[in-house]
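For reference, the chains in residue letters:
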Amino acid sequence: MNAQQTTTNQLPEKKYIRSHEPIFWGLFGAGGMLTAFLTPVMVLVTGLLIPLGLIDAEHLSYEKLHQFVSSWYGAPIVLVLVALPLWHTLHRIFHSLHDLGIKRGRDWQQVICYGFAFAVSVFVFTLLLQMLSL
Amino acid sequence: MSAQTMPTQQAVSDKVIEVEILRYRPEQDEKPFPQLFEVPYSPDMSILEALQYIKDHLDSTVSFRWSCRMAICGSCGLMVNNVPKLGCKAFLRDYYPQKIKLEALANFPIERDLVVDMGDFIKKLEEIKPYIIPATDDKCLSEGTYKQTPEQMEKYKQYSMCINCGLCYAACPQYGLDSKFTGPAALALLARYNRDSRDAGSAERMKIVNQEEGVWSCTFVGYCSVVCPKGVDPAAAIQLLKVESSKDYLIGMFKPD
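Just so we're clear, the structure is a prediction, and the values are computed from it rather than from any experiment. (Residues numbered from 1 in each chain as written. Chains lettered and ligands numbered in written order. Predicted model: local features only at pLDDT ≥ 70, side-chain atom pairs only at ≥ 80, totals over all residues. Heavy atoms only, no water.)

Novice: Hey, could you go over the sheet that holds strand β1 (residues 16-23) of chain B for me, with residue numbers and the actual values?
Specialist: All names here are of chain B. With mixed pairing, the five strands of this open sheet are ordered in space as β2-β1-β5-β3-β4. Whereas interior strands pair on both sides, the edge strands pair on one side only; in this sheet they are β2 (33-40) and β4 (83-86). Sheet twist, expressed as the average angle between the axes of neighbouring strands with direction ignored, equals 35°. Two strands pair when backbone bridges link them, and strand β3 (residues 77-80) and strand β5 (residues 100-103) are joined in this way by two bridges, in the antiparallel orientation. Considered in β5, the bridge of Met 79 is made with Glu 103. (Pairing = 2+ DSSP bridges. Helix = DSSP H or I, 4+ residues; strand = E, 2+ residues; numbered from the N terminus. Axes fitted to C-alpha atoms, helices over the stretch in contact; angles between N-to-C directions.)

Novice: Provide a residue-level description of the domain arrangement of chain B, including the pertinent values.
Specialist: Residue and element names in this part refer to chain B. For chain B, the assigned domains read domain 1 (8-116) and domain 2 (119-254). With centres defined by C-alpha atoms, the gap from domain 1 to domain 2 works out at 31 Å. Counting residues at the interface gives 16 residues for domain 1 and 16 residues for domain 2. Summing both partners gives a buried area of about 1100 Å² for domain 1 against domain 2, and 63% of it is carried by carbon and sulfur. (Domains from an automatic or database assignment. Contact = heavy atoms within 4.5 Å. Buried area = accessible area lost by both parts, 1.4 Å probe.)

Novice: Go over the pairing of β3 of chain B with me, naming the residues and quoting the values.
Specialist: All names here are of chain B. Side chains Gly 77 and Met 79 project from β3 onto one buried face, and the interleaved Leu 78 and Val 80 project onto a second face that is buried too. The sheet contact formed by β3 and β4 spans four bridges and is antiparallel. Bridge pairing links Gly 77 to Leu 86 in β4. (Buried < 20%, exposed > 50% of the residue type's maximum accessible area, 1.4 Å probe, protein only.)

Novice: So what's going on with the environment of Pro 173 of chain B? Residues and values would help.
Specialist: Inspection of the secondary structure assignment puts Pro 173 of chain B in helix α6 (residues 173-177). Taking the C-alpha atoms as reference points, Pro 173 of chain B and Pro 109 of chain B, separated by 64 residues in sequence, lie 15 Å from one another.

Novice: Run through the interface of chain A and chain B, naming residues and quoting values.
Specialist: Across the contact, 15 residues belong to chain A and 18 residues belong to chain B. Buried surface at the junction of chain A and chain B, summed over both partners, amounts to about 1700 Å²; 56% is from carbon and sulfur atoms. Ranking the residues of chain A by area buried against chain B places Tyr 16, Arg 18 and Trp 25 of chain A at the top, with a combined share of 40%. Connecting chain A to chain B are one salt bridge. In this structure, Asp 248 of chain B engages Arg 18 of chain A in a salt bridge whose closest nitrogen and oxygen atoms are separated by 2.8 Å. (Salt bridge = Lys/Arg side-chain N within 4 Å of Asp/Glu carboxyl O.)

Here's what the structure looks like:
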């Protein structure tokens, strides 16, 4: 018998289960980054610069925005801007439920949270696809 | 207190500070209860010294752990006014004239008075293999030591400063909610060995990291790094491990083992 083997292998082999969290953490991180950088800009533009008349409100008119959203470059930008912060938010809500000590139905909490983010992402995607004018 | 206004000489020794200790002696107390002591105040007195004064002069039955008195051994961790601190590194002057409330480290079961059962943390520490695992085609002892550049050492040095005091576990709300979480100190030490150029055990340790109860129970509250008395920054170590785990996940998707 190999003495060294027996001393190092005393613990029974433990089964390690890989978490799928990297996917959701990745979306959470990307969405958080976008939110952190864009929210102040959006507040500045729509909340201050336009009401103060420093930016002509005509630049954000319905026609202009519709034109942007239905363009080939505008559509993916809007999809990313809506979907990623949404995944970020629902990931945070899912973990906050745990932090608040709501232990019941973690599976369902997960399905509802990420399911909502997924459903809205798909909805926005199809909506943008329909609006697309090439 | 009137002692403050008294002229010179006796004034220093007349100052007292109230120290409330959460007592628990399992053989006679049904549940923990607070007990108040009055300790002579001096600005250079640490909380550990105050405890030693209480044990020597007021009540010899008070139990607490200590050894080095200089923030090296990590034995005297306790809750000071609900904040995890080392007794030897916290001073009365930062609390005086307010009362100091001392309790056993949070999130661990109380063994007796200020002594906690750290068994769960020690088990986790063992599990992460906190030692260098050399590559299998290891060189012979006669071939000499493993050399490391200052850059290679810088990659892990900060995380090697951990003294296993357990303050980060007492601070971690996620460990408090679910003790299955591997926890800050164990993960910081895991990072320490994974980042060491002499180590070849990363693959084994990543299995622990990749679990739900590995890095993914952490929500980056960051309080562990705030309370750490040695500036280890376990929260940063865990965030870096999350990046490693994500890379590992992507590789695993295309190359399952």
